[in-house]
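Each chain is listed here by its residues.
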Amino acid sequence: MEELVALCKRRGFIFQSNEIYGGLQGLYDFGPLGVELKNNIKQSWWASMVYDRDDIEGLDASILTHPEVLKYSGHEDTFTDPMVDCKSCGERFRADQVPDYCKEDDLTEPRQFNLMFKTNVGPIDDGTSFGYLRPETAQQIFTNFKNVIDSTSRSLPFGIAQIGKAFRNEITPRNFIFRVREFEQMELEYFVDPGNDDEWHDKWVELRLAWWEAQGVPKEKIKLLDVEGKELAHYSKKTVDLMYEFPHGLEELEGIANRTDFDLGSHSKNQEDLEIKAKVAKNSSSNAKLAIQEQDTNKWVIPFVIEPSAGVERAFLAILNEAYREEELNDGKTRVLLSLKPHLAPIKAAVIPLKKNNKDLVDLAYKLKNQLQNMKLGRVVVENTGNIGKSYRKHDEIGTPVCITVDFDSLEKNKVTLRDRDDMSQESLDIEEISSFFQQKLSS
Ligand code: ATP
């Protein structure tokens, strides 16, 4: 973990937030390379959900949330963690995360602590006009269920996907970006006919494992955990957690839950007419019937929902952890390498002029950079430090799949040298062939 943290700071992936004022615990900022990797992860998820399939729509809903949404969803009452104080060290911990150095006898009885951030909405601060920063993106998908079906004419099964910020006032944020107070979630709510839910749940577990594999986190590194007993959320019939061996231990990367008809049922009006299977509180505030009419029988049903929910920060950490290597080189030195899948790499190619002060070489390097940049496959840079070896090392370390060196042969014979990040092999290529090479490299 220390190596990843150091690399992230050194190369501009991740910084501690508000560091110049001493930092705020559980918050991180994504730097010039971090924002690229994060965007690429999100884009890959979005493409696999919304573009590659024909049964999922996207959504980007508000973060500030009406209190009634989080009342009927159960979050006001149950979105809590047990908290204990240690009388010896004076610190406060989540009851299941007390460090070894605290003795059992020094701990207070656990108290429930609600993890939601509450804030004023509007200019009056009398406690009546407040909202929450959403603790999960999911609820705003449920509140938009009717808007989406009315505007898209979807029938079951279909899904609504959303990527966005979520906030949890974690008692003990820790392990770098693994557990933070502000993070992003990539959530799909996939609505199915009640009765088909178990089958779809299994299917989504398989689909998500395949997605992780394509991001460089192989199936063998993920263990499936059937969440049981009091660990199972109040809305869930069954939850399968994808557990990954993070640098600090085996922990949840993504949760895939069968939320039944709990959420739509909880937020719906006319509940008594809808044969809701989950146990829901009576809703006297909602003005929408969150159900769908069956085509053949005209009967209104509340679909069941399968929810794959993954954190972007945990994805970032797992992907970085899988890609990170230190390799011994023939000359006895070592190199640090981020063997990221090309579609995730923050920088897709670095164009390096052999001599930093030679105008013709530098001009050609920029021309090539612009040509590749215009292909819109991601960020391409010119690396004009004048030291080829150092440039290669840097781009190995930040995961750039290919370096393109422009030398005098480029001016005279239209040839450039391509150097591969992973095996360090070099080949000479005609400038005309660069675009198709690049296209192919990034789709692999
Ligand atoms: P944990 O048990 O680790 O607290 P959770 O079960 O509360 O997680 P979910 O409510 O299932 O998490 O949230 C779905 C996903 O959101 C998680 O799998 C994780 O990737 C991400 N996530 C949840 N809480 C955090 C957090 N505090 N920091 C970063 N990511 C988080």
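Along every chain, residues carry numbers that run from 1 in the direction the sequence is written. For a predicted model such as this one, the threshold for reporting local features is a pLDDT of at least 70, and the threshold for listing and counting side-chain atom pairs is 80 or more; totals across whole chains, interfaces and linings nevertheless cover every residue.

Asker: What should I look at first to understand the sheet that holds strand S12 (residues 222-226) in this one?
Answerer: In sheet architecture, strand pairing relies on hydrogen bonds along the backbone and comes in two forms, parallel and antiparallel. Taken in spatial order, the seven strands make up an open sheet running S3-S10-S11-S17-S14-S13-S12, and their pairing is mixed. Edge positions in the open sheet fall to strand S3 (56-59) and S12, since each of these has one partner strand only. Sheet twist, expressed as the average angle between the axes of neighbouring strands with direction ignored, equals 25 degrees. At least two bridges found by DSSP between two strands are what make those strands a pair. For helices the rule is a DSSP run of H or I covering at least 4 residues; for strands it is a run of E covering at least 2, with both sets numbered from the N terminus onward. Alignment of strand S11 (residues 182-192) against strand S17 (residues 304-311), held across six bridges, turns out to be antiparallel. From the neighbouring strand, Phe 191 faces S17, where its bridge partner is Val 305. Lines fitted to C-alpha atoms define the axes, with helix axes restricted to the stretch in contact, and inter-axis angles between N-to-C directions lie between 0 and 180 degrees.

Asker: Please explain the sheet that holds strand S22 (residues 402-406) as it appears in this structure.
Answerer: Spatial strand order, S21-S20-S22-S23-S24: five strands in an open sheet with mixed pairing. Looking at strand neighbours, the two that pair on one side only are strand S21 (379-382) and strand S24 (426-430), the edges of this open sheet. Shown here is a sheet whose adjacent strand axes are inclined to one another by a mean of 25 degrees, direction ignored. Bridge count between S22 and strand S23 (residues 415-420): four bridges; the pairing is antiparallel.

Asker: Is there a simple way to think about unusual backbone geometry in this case?
Answerer: Glycine aside, residues mostly have negative phi, and peptide bonds are mostly found in the trans state. Omega for the peptide link from Leu 156 to Pro 157 comes to -5 degrees, which places this bond in the cis form. As for its position among the elements, Pro 157 is in the loop between helix H6 (145-152) and strand S10 (158-167). The phi dihedral of Phe 176 falls on the positive side, at around 60 degrees, and the residue is not glycine. Examined against the element boundaries, Phe 176 turns out to sit in the loop between S10 and S11. Remark: C-beta atoms are placed from the backbone, and a residue is labelled buried if 20 or more other C-beta atoms sit within 10 Å of its own, exposed if 12 or fewer do, or partly exposed between those counts. Residue Phe 176 is classed as buried on the basis of its C-beta count, with 22 C-beta atoms lying within 10 Å. With phi around 65 degrees, Asn 298 is a residue other than glycine that occupies positive phi space. Along the polypeptide, Asn 298 turns up in the loop between strand S15 (292-293) and strand S16 (300-301). C-beta crowding within 10 Å serves as the criterion here: with 7 such atoms nearby, Asn 298 is assigned to the exposed category.

Asker: What's the story with the packing of helix H2 (residues 32-51) against helix H9 (residues 312-323) in this structure? I'm lost.
Answerer: The relative placement of two packed helices comes down to the angle between their axes together with the axis-to-axis distance. Running from N to C, H2 and H9 cross one another at 110 degrees; their axes reach a closest spacing of 10 Å. If you check the angle between H2 and H9, you find them roughly perpendicular. Listed contacts from H9 to Leu 37, Lys 38, Ile 41 and Lys 42 of H2 are Val 312, Ala 315, Phe 316 and Ile 319. Here is the rule for angles: anything less than 35 degrees is roughly parallel, anything more than 145 is roughly antiparallel, 65 through 115 is roughly perpendicular, and the remaining ranges are oblique. By the convention adopted here, residues are in contact when the distance between their C-beta atoms, placed from the backbone, does not exceed 7 Å.

Asker: Where do I start with the domain arrangement of the protein chain in this structure?
Answerer: One frequent convention defines the size of an interface as the accessible area lost when the parts assemble. Domain delimitation in this document rests on an assignment produced automatically or drawn from a domain database. Structurally, the protein chain comprises domain 1 (2-75 + 119-320), domain 2 (80-114) and domain 3 (345-443). For domain 1 versus domain 3, the separation of C-alpha centres amounts to 39 Å. Among the elements that take part in the side of domain 1 that touches domain 3, H2 stands out by supplying three residues, more than any other. The nonpolar class holds Ala, Val, Leu, Ile, Met, Phe, Trp, Tyr, Cys and Pro. Asp, Glu, Lys and Arg form the charged class, and all remaining residues, Gly among them, are polar. Partitioned by chemical class, the residues of the side of domain 1 that touches domain 3 number three nonpolar, no polar and two charged.

Asker: Looking at this structure, I do not really get the site of the ligand. What am I missing?
Answerer: We call a residue near a molecule or strand if the C-beta atom, set from the backbone, is within 6 Å of it. Within the structure, the ligand sits among 16 residues, and Phe 183, Gly 255, Ser 309, Gly 311 and Arg 314 are positioned closest to it. Mapped onto the shell around the ligand, the elements with two or more residues apiece are S11, strand S14 (249-260), S17 and H9. By residue number, the principal contributor to the shell around the ligand is S14, which donates four residues. Residues belonging to the shell around the ligand are distributed by class as follows: four nonpolar, four polar and eight charged.

Asker: Could you clarify how one ought to interpret the pairing of S24 in this entry?
Answerer: Successive side chains on a regular strand alternate, one facing one side of the sheet and the next facing the other. The buried fraction of S24 is low, at zero of five residues. As paired strands, S23 and S24 are joined by five bridges and run antiparallel to one another. Each bridged residue has a counterpart across the sheet, and for Val 416 the counterpart in S24 is Leu 429. In textbook terms, the turn of a hairpin is the stretch between consecutive antiparallel strands, and for S23 and S24 this stretch comprises five residues, one of which, Met 424, has a positive phi near 60 degrees.

Asker: Explain the nonpolar core here, please?
Answerer: Nonpolar side chains tend to gather and get buried jointly when the protein is soluble and globular. Linking buried Ala, Val, Leu, Ile, Met, Phe, Trp, Tyr and Cys residues through C-beta atoms within 7 Å yields a set, and such a set is a nonpolar core. The biggest cluster of nonpolar side chains holds 85 residues, and the ones touching the most others in it are Phe 316, Ile 319, Val 351, Ile 404 and Val 406. Counting contributing residues per domain, this core is built from domain 1 (2-75 + 119-320) and domain 3 (345-443), each supplying no fewer than three. Setting aside residues up to four positions removed in sequence, Val 351 forms contacts with Ala 365, Leu 368, Lys 369, Val 380, Val 382, Glu 383, Ile 404 and Val 406.

Asker: Help me understand helix H7 (residues 197-214) in this model?
Answerer: What sets the pattern is the α-helix's 3.6 residues per turn: residues three or four places apart point alike. Helix length check: H7, at 18 residues, gives a terminal C-alpha distance of 26 Å against a target of 26 Å (1.5 Å per residue), a fit within 8%. Remark: Gly 216 follows H7 within two positions and exhibits a positive phi of approximately 95 degrees. Here the expected length of a helix is defined as 1.5 Å per residue gap, with one fewer gap than residues.

Asker: Before we go on, may I ask you to explain the environment of Asp 105 in this structure?
Answerer: Structurally, Asp 105 is set in the loop between strand S6 (92-94) and strand S7 (111-114). With 7 C-beta atoms counted inside 10 Å, the residue Asp 105 sits in the exposed group. For the pair Asp 105 and Glu 254, spaced 149 residues apart in sequence, the C-alpha separation works out to 35 Å.

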